[in-house]
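Structural description and commentary
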Amino acid sequence: SFSPRIEVEGLVVSAEGTLCTWPDSASLLNSSHDLAQHLQMYPAFPSTLAAVKYLHTSDSLIPVISKNSVNPNTIFANNEMSLHDIEIYGFDYDYTLAFYSRHLHTLIFNIARDILIQEHRYPEGLREYEYIPNFVVRGLHYDVQKALLMKIDAFHYIQLGTVYRGLHPVPDKEVIAMYDGCHVPLENMSDFYGKSSHGHTMKQFMDIFSLPEMNLLCCVNDYFMKHNIDYEPVHLYKDVKAAIGDVHVKGIMYRAVEADMENYISYGEQTHAVLKKLYEDGKKMFLITNSPFDFVDRGMNYIVGKDWRDLFDIVIVQADKPGFFNDRRKPFRRVTDKGVLHWDRIHKLEKGKIYKQGNLYEFLRLTGWRGSKVLYFGDHIYSDLADLTLKHGWRTGAIIPELRKEIKIMNTEQYVHLMTWLQGLTGLIEHMQVHRDPASQAVVQEWIKERETKDIFNSQFGSLFRTYHNPTYFSRRLSRFADIYMASLSCLLNYDFQHTFFPRRTPLQHESPFWPEQTSAGALKMPFIPHRTTTEE
């Protein structure tokens, strides 16, 4: 009896669900009509289920390279950079030197929720909502006017299936109708710092502190919809933003953390060892943070020890980043350990003293620390890194704690099998798409549905770094504004100060013939255009 074969780069899938290698890469598909018929006739192969089953049990189909685990303590490079050239190291504080437990997110959520109820007169019923730890991921966009939370890729396209109103997904058809497709125009995207200002309707949540804010927005939206309460989404967004801001500005969060360090600060990222290593090698170090000195001092005492200030040449608190990097008007002001402000003009930034506010231009003038000999670490790609790399030529390092979890998932056998299958499935779709009859197209559509990988990372929004097969908007900004990135500062302990970080060369689409494993279906099968000789001309 006839048994259709589907061949993709040496892989043959038969209708019975058996697979074998095929030496002749020119052998491709049987007729689409027979293929569609047999896909329906054979129970073992209704779509590609038999192939999936086999791929999930066959180590022989997994490329050797995929069996090599990724070390979560690796420092990854977007841009070539040598530590040999770095003389000065700068740091943010929150989520760079100090890491916090999830208890802090719950605390911020609960306090902001209560502020909405008590000060903004929101319904008491909101107290029923609690912080949901794994609901959102960093880097999401929020449409302020439509009250929708979503993930957008590097090309401004919405990832369908990741658009949420409240705590529930919005059907794809409804999303497409609201946005006339999936593309978000540049003028509607968030501004340079991810904010919804000057006509921009989108807000991008880029720092880890934004996780409770996204949670709260979704919960309040959910309450209003559940109770059929008419509300203005713009007012809701501004009220939630104000409530979250009060948690920080009014010092509520700071006092809570200071009162229970063990519960809120994760002591395990080897911050002290990193700073000591830099200090013993004679590197200059400075701290620029938006947090107040008392909060930083107590945290660093807990993490590093009471002599932590001896390690730093300059300490600047309440810097008001990103304004610190752009606003030339704010002068530095000296502040004592007790919080007393001095009024004298600052002519030099001295070791052992604490400074407040100021601006980067004055910092550069007083220190002379310019250009690529300076490396600054922070967790917020916009507020910490963007201006430094674009305007001032500093080298930048992004701290991305989520890397540990995502790499752990990537190293699982389940993920390796899934990626192997997706590569093969993409090839199947590329070959099959040339057949336009309804039966063949129905098969292709079923295969396309199987390419979704979101759930393996986060059930609602997927990976921080990818939307379907494109990089996320977050990834795009990360690759532009960070020379290197890592899960935590402790990764520095694995490298000496002569080490050079090299980005991996990945092929551009037109370079793919030189990387056969990256070649699109048919790319090498297209005949080359012969060179014309002068006689032919």
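Residues numbered from 1 in each chain as written. Predicted model: local features only at pLDDT ≥ 70, side-chain atom pairs only at ≥ 80, totals over all residues. Heavy atoms only, no water.

For the protein, the name recorded in an unreviewed UniProt entry is 5'-nucleotidase domain containing 3, with Hucho hucho as its organism. Reading the Sequence similarities (unreviewed entry) entry of the UniProt record for the protein gives the comment "Belongs to the 5'(3')-deoxyribonucleotidase family." (UniProt positions renumbered as here; feature names shortened; annotations may be inferred.)

Looking at helix H6 (residues 233-249)
The first and last C-alpha atoms of H6 sit 24 Å apart over 17 residues, in line with the 24 Å expected at 1.5 Å per residue. Contact partners of the buried residues in H6: helix H3 (102-119), strand E8 (141-143), strand E12 (202-204), helix H5 (210-226) and helix H7 (252-259). By the N-cap criterion, in which a side-chain oxygen at the helix start approaches the backbone nitrogen of a residue two or three places on, H6 is capped by Glu 232, the distance to Val 234 being 3.1 Å. Within two residues after H6, Gly 251 carries a phi angle of roughly 80 degrees, on the positive side. (Helix = DSSP H or I, 4+ residues; strand = E, 2+ residues; numbered from the N terminus. Expected span 1.5 Å × (residues − 1). Contact = heavy atoms within 4.5 Å. Polar contact = N/O pair within 3.5 Å; in protein donor to acceptor, adjacent residues only side chain to side chain.)

Quick look at the UniProt feature "binding site: Mg(2+)" (unreviewed entry) in the protein
Per the UniProt record, "binding site: Mg(2+)" (unreviewed entry) is annotated on Asp 92 and Asp 379. Taken along the chain, the residues just named run across 288 residues; in space they keep tight, none of their C-alpha pairs more than 7.7 Å apart. Among the residues examined, Asp 92 registers a relative accessible area of 7% and is labelled buried. Once residues within four sequence positions are removed from consideration, Asp 92 is found in contact with Leu 97, Leu 287, Ile 288, Thr 289, Lys 321, Tyr 376, Phe 377, Gly 378, Asp 379 and Asp 384. (Buried < 20%, exposed > 50% of the residue type's maximum accessible area, 1.4 Å probe, protein only.)

So, the pairing of strand E15 (residues 314-317)
Side-chain alternation along E15 places Ile 314 and Ile 316 on one buried face and Val 315 and Val 317 on a second face that is also buried. As defined by bridge partners, strand E14 (residues 284-288) adjoins E15 across three bridges and the pair is classed as parallel. Along E15, the bridge assignment pairs Leu 287 with Val 315. Where E15 meets strand E17 (residues 354-357), three bridges bridge the pair, whose relative direction is parallel. Pairing of Val 317 across the sheet is with Lys 356, part of E17. (Pairing = 2+ DSSP bridges.)

Comments concerning the packing of helix H12 (residues 381-391) against helix H16 (residues 473-481)
The interhelical angle for the contact between H12 and H16, taken along N-to-C directions, is 40 degrees, at an axis separation of 9 Å. Comparing the axis directions of H12 and H16 gives the class oblique. Considering the relative orientation of H12 and H16, their crossing is left-handed. Residues Ile 381, Tyr 382, Leu 385, Ala 386, Thr 389 and Leu 390 of H12 pack against Tyr 473, Phe 474, Arg 477, Leu 478, Arg 480 and Phe 481 of H16. (Axes fitted to C-alpha atoms, helices over the stretch in contact; angles between N-to-C directions. Parallel < 35°, antiparallel > 145°, perpendicular 65-115°, else oblique. Left-handed = near helix turned anticlockwise from the far one by under 90°.)

Considerations on the UniProt feature "active site" (unreviewed entry) in the protein
Taken from the UniProt record, the annotation "active site" (unreviewed entry) applies to Asp 92 and Asp 94. Mapped onto the elements, Asp 94 comes out in the loop between strand E6 (88-91) and strand E7 (99-100). By relative accessible area, Asp 94 is classed as buried at 10%. Beyond its immediate chain neighbours, meaning those up to four positions away, Asp 94 contacts Tyr 100, Phe 209, Thr 289, Ser 291, Phe 295 and Asp 379. At 2.5 Å, the side chain of Asp 94 and the side chain of Tyr 100 are in polar contact.

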